[in-house]
Amino acid sequence: MKKKYRLEFKKMACELLEKFDNSPTRVAAELSIPVKTYEKWIAFYKRNPHSFDAEEVNYEIENKLLRKQIKEREETIEMLKKAYAFFTGSEQ
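Residues numbered from 1 in each chain as written. Predicted model: local features only at pLDDT ≥ 70, side-chain atom pairs only at ≥ 80, totals over all residues. Heavy atoms only, no water.

Student: Before we go on, may I ask you to explain helix α1 (residues 7-20) in this structure?
Tutor: Structural remark: α-helix, 3.6 residues per turn; residues separated by three or four positions point the same way. A rise of 1.5 Å per residue sets the reference length of α1, with its 14 residues, at 20 Å; its end C-alpha atoms lie 20 Å apart and thus fit the reference within 8%. Every buried residue of α1 is listed here: K10, A13, C14 and L17. Projected onto a plane normal to the axis of α1, the buried residues spread over an arc of 90 degrees and lie on a single side. Those residues of α1 that are exposed and aimed more than 90 degrees away from the buried face are E8, K19 and F20. Of the surrounding elements, those touching the buried residues of α1 are α2 (24-31) and α3 (35-47). D21 sits one or two positions beyond α1 and adopts a positive phi of about 50 degrees. (Helix = DSSP H or I, 4+ residues; strand = E, 2+ residues; numbered from the N terminus. Expected span 1.5 Å × (residues − 1). Buried < 20%, exposed > 50% of the residue type's maximum accessible area, 1.4 Å probe, protein only. Arc of directions from axis to C-beta. Contact = heavy atoms within 4.5 Å.)

Structure, rendered in structure tokens:
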């Protein structure tokens, strides 16, 4: 089972690396985090230092959900167009 880390912990871990200029391997070992996981957090944090803020994460989750809903609706529209063409005998 994957271990879940709190956003505050991820942010603190990334800030710790910047403040003390440690190696990711050393910090990961001290915090008992898998190195690969920690490296992903660091890359994510370097792209956007606010990436582990609760509001930022909520926007990303909402964005993903809205994109999924749009895709589902587009697929429904295409299916309805095909059904309409089939039942009316017209080509669209």
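Let us keep going from here.
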